[in-house]
Amino acid sequence: REAEDAKLLQSLDDNLRNKTAAAAEAAVEAESSSSFLNELDQMLRRIGGQLGATQDTETMAGLHKREEQASVMRRQAANRLAHAEDSLLKIREDLETTSTTKNHLRTHLRSTKMASLAHRAKKFTSGDVVFVMDCTGSMGSFIMQASEQCCCIIDQVKAHGGTSGTVDGSEVRSMIGSTVSLNVRFGFVAYRDYTDGHQHLQ
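Structure report, in brief. Position numbers for residues count from 1 along each chain, tracking the sequence in the order it is written. Predicted model: local features are reported for residues with pLDDT of at least 70 only, side-chain atom pairs are reported and counted for 80 or more only, and whole-chain, interface and lining totals are derived from all residues. Side-chain numbers here rest on the full set of heavy atoms in the structure, without hydrogens or water.

Looking now at the overall build of the protein chain. Summing up its helical and strand segments, the protein chain has four helices and two strands in all. The order of α-helices and β-strands along the protein chain, N terminus first, is α-α-β-α-α-β. With 202 residues in all, the protein chain has 25% of them scored as buried. In what follows, a contact means two residues having at least one pair of non-hydrogen atoms within 4.5 Å. Sequence-distant contacts in the protein chain: of pairs separated by 6 or more residues, those separated by 24 or more amount to 69%. As presented, the protein chain carries roughly 14000 Å² of accessible surface, and 53% of it is formed by carbon and sulfur atoms. Helix numbering and strand numbering both begin at the N terminus, where a helix is a DSSP run of H or I of at least 4 residues and a strand a DSSP run of E of at least 2. When a residue's accessible area, from a 1.4 Å probe over protein chains only, is under 20% of the maximum for its type it is buried; when over 50% it is exposed; and in between it is partly exposed. Note on areas: Shrake-Rupley, 1.4 Å probe, and residue coverage restricted to the protein chains presented here.

Each residue after the first adds 1.5 Å to the expected span of a helix. When the terminal C-alpha atoms of helix α3 (residues 143-158) are compared, their 23 Å separation across 16 residues agrees well with the 22 Å that a helix rising 1.5 Å per residue should span. Listed in full, the buried residues belonging to α3 are Cys 150, Ile 154 and Val 157. Viewed end-on, α3 has its buried residues packed into an arc of 65°, placing them on one side of the element. Residues of α3 that are exposed and angled more than 90 degrees away from the buried face: Met 144, Gln 149 and Asp 155. Picture the helix axis, draw a direction to every C-beta atom, and the arc is the one those directions span.

What follows covers the pattern of salt bridges. In the sections that follow, a salt bridge refers to a side-chain nitrogen of Lys or Arg positioned within 4 Å of a carboxyl oxygen of Asp or Glu. Summed over the entire model, instances satisfying the criterion amount to six salt bridges. With its nearest N and O atoms 2.6 Å apart, the salt bridge here joins Lys 102 to Asp 13. Of this pair, Lys 102 sits in helix α2 (residues 57-123) while Asp 13 sits in helix α1 (residues 2-53), placing them 89 residues apart in sequence. A single burial state applies to Lys 102 and to Asp 13, both of which are buried. Here Lys 90 makes a salt bridge to Asp 94, at a shortest N to O gap of 3.2 Å. Of this pair, Lys 90 and Asp 94 both sit in helix α2, four residues apart, which is roughly one turn of the helix. The exposure class of Asp 94 is partly exposed, given its relative accessible area of 25%. Linked through salt bridges whose partners overlap, the residues forming this network are Lys 19, Lys 90 and Asp 94.

Here we come to the environment of Val 130. Among the structural elements, Val 130 can be located in strand β1 (residues 126-134). In the structure, Val 130 is positioned 59 residues away from Val 189 in sequence and 7.3 Å away in space, judged by C-alpha atoms. Among all residues touching Val 130, those that are not within four sequence positions of it are Gly 187 and Val 189.

A few words now on a nonpolar patch on the surface. Patches were defined on residues exceeding 30% relative accessible area and lacking a salt bridge, with like-charge contacts within 9 Å and nonpolar side-chain contacts (Val, Leu, Ile, Met, Phe, Trp, Tyr) within 5 Å. Taken together, the side chains of Val 130, Val 132 and Tyr 191 define a hydrophobic patch exposed on the protein surface, amounting to about 280 Å² of accessible area. Its location among the elements puts Val 132 in strand β1.

Here we come to the side chain of Asp 41. Mapping Asp 41 onto the fold places it in helix α1. Assessed through its relative accessible area of 18%, Asp 41 is described here as buried. A polar atom in the side chain of Asp 41 sits 2.4 Å from the side chain of Arg 74. Any pair of nitrogen or oxygen atoms within 3.5 Å is treated as a polar contact; in protein, a donor-acceptor pairing is required on top of that, and neighbouring residues in sequence qualify only through side-chain atoms on both sides.

So this is what it looks like as structure tokens:
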């Protein structure tokens, strides 16, 4: 069930990315249509002014023809703008719905994970934790960071229910109760190159 939920979450993420891209395209189309519509309105106003300023029959015929063509183009641009705005509105509504569904699923997955951790933590009263680290020369710049992470994990385990990763140990402790007592032994194994002799494994 958890795998199915994770797959659904990935599908929602993909859906959100696709809808966001579609929304961006619709917004560009709406802006372009609106700009073109404004240009046509300005053209029609200029033609109207020219018609009012001339008495020449041939000139007036030419202006009327341009006015008719501009009017047709304006209707087309207005239709494109309305379509783009309708599409953008629908996409945004879909985005909101998908985002809400995703958030609800994330909350459900987290609650399920916390419940599972709490259930396992109640059964865990003792155990051994062994860290195995590559201590060869090429790891020199990472050994300190790895050591700090080991210490962090040890502190979390000692805190009763602490875990590494994105799950807050305090949440687990609140679910399993503060009376849980853990008996954990920690060990550390360092391995190096065989050329290091007896120190290749400590």
